[in-house]
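Architecture at a glance
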There are 2 protein chains.
Amino acid sequence: MSYTYEYPHPAVTVDCVVFGLDDDDLKVLLIQRDIDPFEGKWAFPGGFVEIDEPLEKAALRELKEETGLNKIFLEQLYTFGKPDRDPRERVISVAFFALANIRDHRIKAATDARNAAWFDVKNIPALAFDHQNILITALERIKGKVSYQPIGFELLPKKFTLNQLQHLYETILERPLDKRNFRRKILGMDLLEETGETEKNVAHRAARLYRFDKIKYNALLKKGFIFEV
Amino acid sequence: MSYTYEYPHPAVTVDCVVFGLDDDDLKVLLIQRDIDPFEGKWAFPGGFVEIDEPLEKAALRELKEETGLNKIFLEQLYTFGKPDRDPRERVISVAFFALANIRDHRIKAATDARNAAWFDVKNIPALAFDHQNILITALERIKGKVSYQPIGFELLPKKFTLNQLQHLYETILERPLDKRNFRRKILGMDLLEETGETEKNVAHRAARLYRFDKIKYNALLKKGFIFEV
DNA sequence: TGACAAAGTGTCATTTCTACACTATTATTA
DNA sequence: TAATAATAGTGTAGAAATGACACTTTGTCA
């Protein structure tokens, strides 16, 4: 079967930059390509958009096919369209980004992916295509966004300590924050709910566990509340 | 001539949302389509990306062809890809947005545009394709961006009064600002240079004219300065 | 039971924000 | 030429937010 057009058409792909947090490090999910071009190289999960498929749906499908990751929230990041970014033909790629809790998801490679794994953003192998650029763009976005949208909570377990939350912000923003000031600000927003529980199996005083109250957040939003860290 | 592919390919277009400021109103540049589909309807300037052409270059080319607007700074806005957004075939459109000073540019329609004109964003005719969505996205973007990037200056003449600047912010943000607080904040940033000149031909005390000092701004940026209004 | 490790807590000085009203200047008009 | 109309231009004080800073509490483990 073949498809003919009066004018040349580019191919369109989607790519997904999924961030995760693993103890101390910010990570991204990569797959090792099992097909040419760039066979054996690491890249962001992604692939061709089907002709009647919405972009976001294509991204979710590819993500699931290649890594097993399912049902996560994707946000459009940027569209990469340099004419020579793919050696096969003109390929325009719509990149998405997402946050995921590493422990909640079991990654497993499939279809065009030989392998799938989380990599520390500070230690990324050489990437296929222009995916290095995509990574840079995604890091800028997450850094810019984390301060004024409560997206960070997606990276943590449902119940988390204030120290974990502070650590997350310090990791993404790449600067230290004052413990007391951080707590004052976060708790003052009235977005966190105490679970009444504390950490288990730690060799020191156990910290209180909180959960993010999305309903409260949405209610505050309607009243003009602005999240800011 | 025809082009054949093993798999179906979407077409890719670019669209440009150009904002301008005319006295009291925020405007956008629209063209009236001279060809099907949506012949006679108003739409954002744009068109098909050539097979070896970067996206931004395509946007600049279409903008110039259809409206005469030349050499303005475009920023990628969002990519619109719903499968049925174009009745002809699957078309994925990469939208850009830009700011322009209306008085500096003479608009003239050409090629596929029967007409080109500025429209008050509060009073937009029915638009072709999903361009209403594109407009909404662009308005959100400019509103979100104007407060923390000094983009507003692009909309004003080179020399402008503080009242013009304040009015611009009030128009985009859709809320009133306090005159004294606004002046204190803007002047305190040390980004504006007094020209020494004043307004001409006004029936009241003439206001001082300022210009935006981009060199100073870039220097401050390097020192970690954050613009915020 | 003492040492260790992290949790949890308050204050003060500085800066920033907000709300608010009158005088100065210029062109126009009576 | 004096009065009027229109906008320019200016300061302050109270409230809120920020940033810097160190010790006590609680639990585990040796």
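Relevant structure appears above.
Residues numbered from 1 in each chain as written. Chains lettered and ligands numbered in written order. Predicted model: local features only at pLDDT ≥ 70, side-chain atom pairs only at ≥ 80, totals over all residues. Heavy atoms only, no water.

Arg184(A), Arg205(A), Asn163(B), Lys179(B) and Arg208(B) are the nearest of the 19 residues found near DNA strand D. What you see for DNA strand D is that sugar and phosphate hold 39% of its atoms within 4 Å of the protein. Take Lys185(A): an N or O atom from its side chain is 3.1 Å from a phosphate oxygen of DNA strand D. Contributing elements (two or more residues each) for the surface near DNA strand D: helix H4 (179-188) of chain A together with helix H4 (179-188) of chain B. (Near = heavy atom within 4 Å. Polar contact = N/O pair within 3.5 Å; in protein donor to acceptor, adjacent residues only side chain to side chain. Helix = DSSP H or I, 4+ residues; strand = E, 2+ residues; numbered from the N terminus.)

Below, the discussion takes up unusual backbone geometry. That bond from Asp36(A) to Pro37(A) is cis: its omega, -10°, falls within 30 degrees of zero. Relative to the helices and strands, Pro37(A) resides in the loop between strand E3 (25-33) and strand E4 (42-43). The phi angle at Asp190(B) is positive, at roughly 65°, despite the residue not being glycine. Position of Asp190(B) among the secondary structure elements: in the loop between H4 and strand E10 (192-198). Relative accessible area serves as the criterion here: at 42%, Asp190(B) is assigned to the partly exposed category. In this structure, Asn201(B) is a non-glycine residue whose phi angle is positive, near 60°. What makes Asn201(B) exposed here is its relative accessible area of 81%. (Buried < 20%, exposed > 50% of the residue type's maximum accessible area, 1.4 Å probe, protein only.)

Moving on, we get to the nonpolar core. Ranked by size, the top nonpolar core spans 48 residues in total, and within it Val18(A) and Val18(B) carry the most contacts. Residues contacting Val18(A), with those up to four places away along its chain left out, are Lys27(A), Val28(A), Leu29(A), Leu63(A), Leu69(A), Ile72(A), Ala98(A), Ala100(A) and Trp118(A). (Core = buried A, V, L, I, M, F, W, Y, C linked by side-chain atoms within 4.5 Å. Contact = heavy atoms within 4.5 Å.)

Let's shift gears to the interface of chain A and chain B. The interface is formed by 29 residues belonging to chain A together with 29 residues belonging to chain B. For the pair chain A and chain B, the two sides together bury roughly 2600 Å², of which 60% comes from carbon and sulfur. One can count 0 salt bridges joining chain A with chain B. Scanning the region where chain A abuts chain B turns up 16 residue pairs in polar contact (both at pLDDT 80 or more). If you list the elements that add at least two residues to the side of chain A that touches chain B, you get strand E1 (3-5), strand E2 (11-22), strand E6 (74-80) and strand E7 (91-100) of chain A. Considering only residue class, the side of chain A that touches chain B consists of 17 nonpolar, 6 polar and 6 charged. Note: E1(A) against strand E1 (residues 3-5) of chain B, 3 bridges, orientation antiparallel. Within E1(B), the position partnered with Thr4(A) by the bridge is Thr4(B). (Buried area = accessible area lost by both parts, 1.4 Å probe. Salt bridge = Lys/Arg side-chain N within 4 Å of Asp/Glu carboxyl O. Nonpolar A, V, L, I, M, F, W, Y, C, P; charged D, E, K, R; others polar. Pairing = 2+ DSSP bridges.)

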